[in-house]
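Descriptive structure summary
This is what each chain is made of:
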Amino acid sequence: RKEVEQDPGPFNVPEGATVAFNCTYSNSASQSFFWYRQDCRKEPKLLMSVYSSGNEDGRFTAQLNRASQYISLLIRDSKLSDSATYLCVVFPGGSYIPTFGRGTSLIVHP
Amino acid sequence: GAVVSQHPSRVICKSGTSVKIECRSLDFQATTMFWYRQFPKQSLMLMATSNEGSKATYEQGVEKDKFLINHASLTLSTLTVTSAHPEDSSFYICSVGVSGDTIYFGEGSGVAVV
């Protein structure tokens with residue numbers, strides 16, 4: 001089993017739709033969790049951190065479920081500019097080296 | 001502004017030649033830098049951890065003699081792909097962890113070996 005798994009998609013949704021991605025991780029001692037956004041042939045950029053209590057930033061909501069070892073990202077009212085690959089990033093406990101999921105591709109169409 | 005600068009952004013090289021990628025940390029000193037490789041539609045795969053003043057630590061399956069890493073100063077790490085072949089064509093990204101879990105990435109280098 002891979003350390004961090006994501007559905008690669010692509011998720012093809014119309015503008016205004018709500019879309020959700022999940023990411024599962026295998027290391028129960030993992031401490032920190034993030035969602036990054038990556039555009040084609042660009043470096044990943046931090047979208048948001050993920051906390052046990054959940055956190056929201058505008059149209060984006062991230063949640064962590066430690067019991068089931070997954071994190072989620074919800075995007076409401078999708079915009080064309082949201083089209084990108086969303087990477088799940090997990091820091092294993094005691095390590096400063098992150099593990100990346102393969103990313104979930106989102107395509108928002110008019 | 002950019003925290004980590006990577007150069008070149010794109011390079012095309014002939015099979016059998018070497019290509020060097022530079023990763024610079026701006027405004028701060030980085031004793032450790034990370035080099036990743038990303039194939040199309042795949043995740044970032046850690047290749048090696050670059051340590052200033054000492055040998056790099058390579059991940060399993062990464063040939064240290066093919067991917068030469070030099071971290072001679074606190075602001076510069078270089079990755080040289082030696083005797084490049086078409087299968088080495090990829091997107092190479094460096095990163096620096098400045099504090100805690102914060103990751104700063106370089107802009108990435110697209111390498112095409114023809």
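For the structure, see preceding data.
So, a few notes on the structure that sits alongside this text.

Rules used throughout
Position labels on residues start from 1 in each chain and follow its written sequence. Labels are handed out in written order, letters beginning with A for the chains and numbers beginning with 1 for the ligands. Local features are withheld for residues below a pLDDT of 70 in this predicted model, meaning they are given only at 70 or higher, and side-chain atom pairs are given and counted only at 80 or more; totals for whole chains, interfaces and linings count all residues. Working from all heavy atoms in the structure, the side-chain values ignore hydrogens and water. A pair of strands is treated as paired once DSSP finds two or more bridges between them. Secondary structure elements follow DSSP: runs of H or I of four or more residues count as helices, runs of E of two or more count as strands, with numbering from the N terminus. Lines fitted to the C-alpha atoms define the axes, with helices restricted to the stretch that makes contact. Angles between their N-to-C directions range from 0 to 180 degrees. Should any heavy atoms of two residues lie within 4.5 Å, those residues are considered in contact. When two parts are put together, the accessible area they lose, computed with a 1.4 Å probe and summed over both, is reported as buried area. Every case where a carboxyl oxygen of Asp or Glu lies within 4 Å of a side-chain nitrogen of Lys or Arg is listed as a salt bridge. The term polar contact refers here to a pair of N or O atoms within 3.5 Å; inside protein, the definition further demands a hydrogen-donor-capable atom paired with an acceptor-capable atom, and it admits residues adjacent in sequence only when both atoms are side-chain atoms. Under the scheme applied, nonpolar residues are Ala, Val, Leu, Ile, Met, Phe, Trp, Tyr, Cys and Pro; charged residues are Asp, Glu, Lys and Arg; polar residues are all the others, including Gly. By nonpolar core we mean a set of buried residues, namely Ala, Val, Leu, Ile, Met, Phe, Trp, Tyr and Cys, connected to one another through side-chain atoms within 4.5 Å. Accessibility here uses a 1.4 Å probe with only protein chains present; expressed as a share of the type maximum, an area under 20% marks a residue as buried, one over 50% as exposed, and anything in between as partly exposed. By definition, disulfides here are pairs of cysteine sulfur atoms that lie within 2.5 Å.

Here we come to the sheet that holds strand β7 (residues 60–65) of chain A. Residues and elements named next belong to chain A. The antiparallel open sheet is built from five strands, whose spatial order is β1-β3-β8-β7-β6. In the strand order of this sheet, the two ends are held by β1 (4–6) and β6 (55–57), each with one partner. Between one strand and the next, the sheet's axes are offset by a mean angle of 15°, whatever the strand orientation. In terms of strand pairing, β7 meets strand β8 (residues 70–75) through six bridges, oriented antiparallel. Counterpart to Q63 in the pairing with β8 is S72.

The interface is formed by 17 residues belonging to chain B together with 17 residues belonging to chain A. Of the roughly 1600 Å² buried where chain B meets chain A, counting both sides, 59% is carbon and sulfur surface. Counting the contacts that link chain B with chain A gives zero salt bridges. One can count four residue pairs in polar contact (both at pLDDT 80 or more) joining chain B with chain A. Every element with two or more residues in the side of chain B that touches chain A is listed here: β4 (32–38), β5 (45–51), β9 (90–97) and β10 (103–105) of chain B. Residues that form the side of chain B that touches chain A fall into these classes: eight nonpolar, six polar and three charged.

With that settled, consider the sheet that holds strand β8 (residues 76–81) of chain B. All names here are of chain B. The four strands are arranged β1-β3-β8-β7 in an open sheet whose pairing can be described as antiparallel. Both edges of this open sheet fall to β1 (4–7) and β7 (67–73), since each of them pairs with a single strand only. Across this sheet, the average inter-strand angle for adjacent strands is 15°, counted without regard to direction. Pairing of β1 with strand β3 (residues 19–25) involves four bridges; the strand directions are antiparallel. Pairing of V4 across the sheet is with S25, part of β3.

Residues and elements named next belong to chain B. The pairing of β7 with β8 spans five bridges and is antiparallel. Paired with L68 across the strands is T80, a residue of β8. Following β7, the chain reverses through two residues before pairing antiparallel with β8.

Nonpolar side chains tend toward joint burial in soluble globular proteins. Ranked by size, the top nonpolar core spans 24 residues in total, and within it W35(B), M47(B), F67(B), L79(B), Y92(B) and V111(B) carry the most contacts. Listed by contribution, the elements that provide at least two residues to this core are β2 (10–13), β3, β4, β5, β7, β8, β9 and β11 (109–113) of chain B. Aside from chain neighbours lying at most four places away, what touches V111(B) is V11(B), V19(B), I21(B), S89(B), S90(B) and Y92(B). Counting 23 residues, the second largest nonpolar core, distinct from the first, contains V4(A), Y25(A), F33(A) and A62(A).

Before going further, it helps to examine the state of the cysteines. For the coordinates displayed, the defined rule picks out two disulfides over all chains. Here C23(A) pairs with C88(A) through a disulfide, and the sulfurs are 2.0 Å apart. Handedness of the C23(A)-C88(A) disulfide follows from its S-S torsion of about -70°: it is left-handed. Pair noted here: C23(A) is in strand β3 (residues 19–25) and C88(A) is in strand β9 (residues 84–91), with a separation of 65 residues, a long-range link. You'll find C23(A) and C88(A) in the same group, each marked buried. The disulfide partner of C23(B) is C94(B), and the S-S distance across this bridge is 2.0 Å. Every disulfide takes its handedness from the sign of the S-S torsion; for C23(B) and C94(B) that torsion is 80°, giving right-handed. With C23(B) in strand β3 and C94(B) in strand β9, the pair connects residues that are 71 residues apart, well separated along the chain. Across the pair, C94(B) and C23(B) agree in class, each one buried.

Function-wise, these values are silent; they only describe arrangement.
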